[in-house]
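Listed here are the chains, written in short residue letters.
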Amino acid sequence: MAALAAEGVLESDGWDQDELSEMKGLLQRAERRMRKLDPAGKHTMKATNSYRLPKLIPGPIAQPYTTSNDGIARADRTRLVNDKDRQITARQVEDLVKVKERIKKELPTAGPGWFDMPRTRLSSELKSDMKLLKLRNVLDPHRHYRSDNIRALAPEFSQIGQIIEGPTEYYSSRLPNKERKRTLVGEILANEKYTGRFKKKYNEIQASKTSGKRAYYKKLKEKRSGGIRKL
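Residues numbered from 1 in each chain as written. Predicted model: local features only at pLDDT ≥ 70, side-chain atom pairs only at ≥ 80, totals over all residues. Heavy atoms only, no water.

Novice: Residues and numbers for the overall build of the protein chain, please.
Specialist: A count of helical and extended segments in the protein chain gives nine helices and two strands. Along its sequence from the N terminus, the protein chain presents helices and strands in the succession α-α-β-β-α-α-α-α-α-α-α. Split into buried and exposed, the 231 residues of the protein chain put 8% on the buried side. Sequence-distant contacts, at least 24 apart, represent 43% of the contacts inside the protein chain between residues at least 6 apart. Accessible surface, the protein chain: about 22,900 Å² in total, of which carbon and sulfur atoms supply 56%. (Helix = DSSP H or I, 4+ residues; strand = E, 2+ residues; numbered from the N terminus. Buried < 20%, exposed > 50% of the residue type's maximum accessible area, 1.4 Å probe, protein only. Contact = heavy atoms within 4.5 Å. Areas by Shrake-Rupley, 256 points an atom, 1.4 Å probe, with all protein chains shown as cover.)

Below, the structure is given as structure tokens:
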């Protein structure tokens, strides 16, 4: 069978008669040699043999994620993300500058670089003291301070302390405990009893405001005439 098939192939390729006869002789000798080696034909392939392939088990077929409704494709959101991933909340992207400001506001102290100074807690007494510090130019006309351009009433972190006299200072130069006050406003009001500067300044302002009015000229006439004479 193999020799006949080979002869048909050679004739179809256009070989010569001499070449064909020589090739036919070679094929016949090869076929006889094969039959001698395998007389029972155990190793020859038979066309009638059939091979069975194993059955494939596809299992459950996945349903598509999209459905078509009136020519419009719609995705099933419940199937796009599983329940485990759905519980994971997405991370919100924030501005780094705002995050730093929020963290700074939440900090209880200014940090070790500023000796762990606590955050300022504005009380009524501290507010009055801070206002007085901003108006310190009015307290003493002989002292000049640098202008304060800070709009905030109090700093973000601050701490109030008490000055303790050193051992080299004499007791006579120290302020007695009876005259010491708990706040700056108390000290200035107590000092006003001895100086009377605020009262004097108030009278000067009132005199300038009432200048040119009837009461001003009336007092001016009384000063010129030496006061009101009583009969």
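So much for the structure itself; the text now carries on.
Novice: Could you give an account of the environment of Arg-119, with specific residues and numbers?
Specialist: Note that Arg-119 resides in the loop between helix 5 (96-106) and helix 6 (124-134). Overall, the relative accessible area of 25% leaves Arg-119 in the partly exposed class. Sequence-wise, Arg-119 and Glu-106 are 13 residues apart; in three dimensions their C-alpha atoms are separated by 9.6 Å. Not counting chain neighbours up to four residues away, the residues in contact with Arg-119 comprise Lys-104, Lys-105, Glu-106, Leu-107, Pro-108, Glu-156 and Phe-157.

Novice: Quick one: what's the story with the pattern of salt bridges, residue by residue and with numbers?
Specialist: Inspection of the entire model under this criterion finds four salt bridges. In this structure, Arg-119 engages Glu-156 in a salt bridge whose closest nitrogen and oxygen atoms are separated by 3.2 Å. Of this pair, Arg-119 sits in the loop between helix 5 and helix 6 while Glu-156 sits in the loop between helix 6 and helix 7 (184-195); the two residues are 37 residues apart in sequence, bridging distant segments of the chain. (Salt bridge = Lys/Arg side-chain N within 4 Å of Asp/Glu carboxyl O.)

Novice: Give me the lowdown on the side chain of Glu-192, citing residues and values where you can.
Specialist: With respect to the helices, strands and loops of the structure, Glu-192 is situated in helix 7. Here Glu-192 is buried and forms no salt bridge, its nearest opposite-charge partner Arg-197 lying at an N-O distance of 6.8 Å. Among the polar contacts listed, one links the side chain of Glu-192 to the backbone nitrogen of Phe-198, at a separation of 2.9 Å. A polar contact of 3.1 Å, which involves the side chain of Glu-192, links it to the backbone nitrogen of Lys-199. (Lys, Arg positive; Asp, Glu negative; His and termini not counted. Polar contact = N/O pair within 3.5 Å; in protein donor to acceptor, adjacent residues only side chain to side chain.)

Novice: How would you summarise the pairing of strand 1 (residues 66-69) if you had to cite specific residues and measurements?
Specialist: Sheet topology places strand 1 next to strand 2 (residues 72-75); four bridges connect them, and they run antiparallel. From the neighbouring strand, Asn-69 faces strand 2, where its bridge partner is Ile-72. Here strand 1 folds back onto strand 2 in antiparallel fashion, the turn holding two residues, of which Asp-70 has a positive phi close to 60°. (Pairing = 2+ DSSP bridges.)

Novice: Any details on the side chain of Thr-183? Residues and values, ideally.
Specialist: For Thr-183, the location among the structural elements is in the loop between helix 6 and helix 7. Assessed through its relative accessible area of 19%, Thr-183 is described here as buried. There is a polar contact of 3.3 Å between the side chain of Thr-183 and the backbone nitrogen of Gly-186. Residues contacting Thr-183, with those up to four places away along its chain left out, are Glu-125 and Asp-129.

Novice: Break down the packing of helix 6 against helix 7 for me, with residues and values.
Specialist: The geometry of helix 6 relative to helix 7 is characterised by a closest axis approach of 8 Å and an angle of 60° between their N-to-C directions. Regarding the angle of helix 6 to helix 7, the classification is oblique. Touching Ser-128, Asp-129, Leu-132 and Leu-133 of helix 6 are Leu-184, Val-185 and Ile-188, all from helix 7. (Axes fitted to C-alpha atoms, helices over the stretch in contact; angles between N-to-C directions. Parallel < 35°, antiparallel > 145°, perpendicular 65-115°, else oblique.)

Novice: Lay out unusual backbone geometry with the relevant residues and their values.
Specialist: Even without a glycine there, the phi angle at Asp-70 is positive, about 60°. Within the fold, Asp-70 resides in the loop between strand 1 and strand 2.

Novice: I'd like a description of the packing of helix 7 against helix 8 (residues 197-209), backed by residues and values.
Specialist: Between two packed helices, what matters for the description is the angle formed by their axes and the separation of those axes. Two elements in contact, helix 7 and helix 8, have axes whose closest approach is 7 Å; the angle formed by their N-to-C orientations is 75°. As far as their axial angle goes, helix 8 and helix 7 are roughly perpendicular. Seen from helix 7, the contacting residues are Ile-188, Glu-192 and Thr-195; seen from helix 8, they are Arg-197, Phe-198 and Lys-199.

Purely geometric numbers; function is a separate question.
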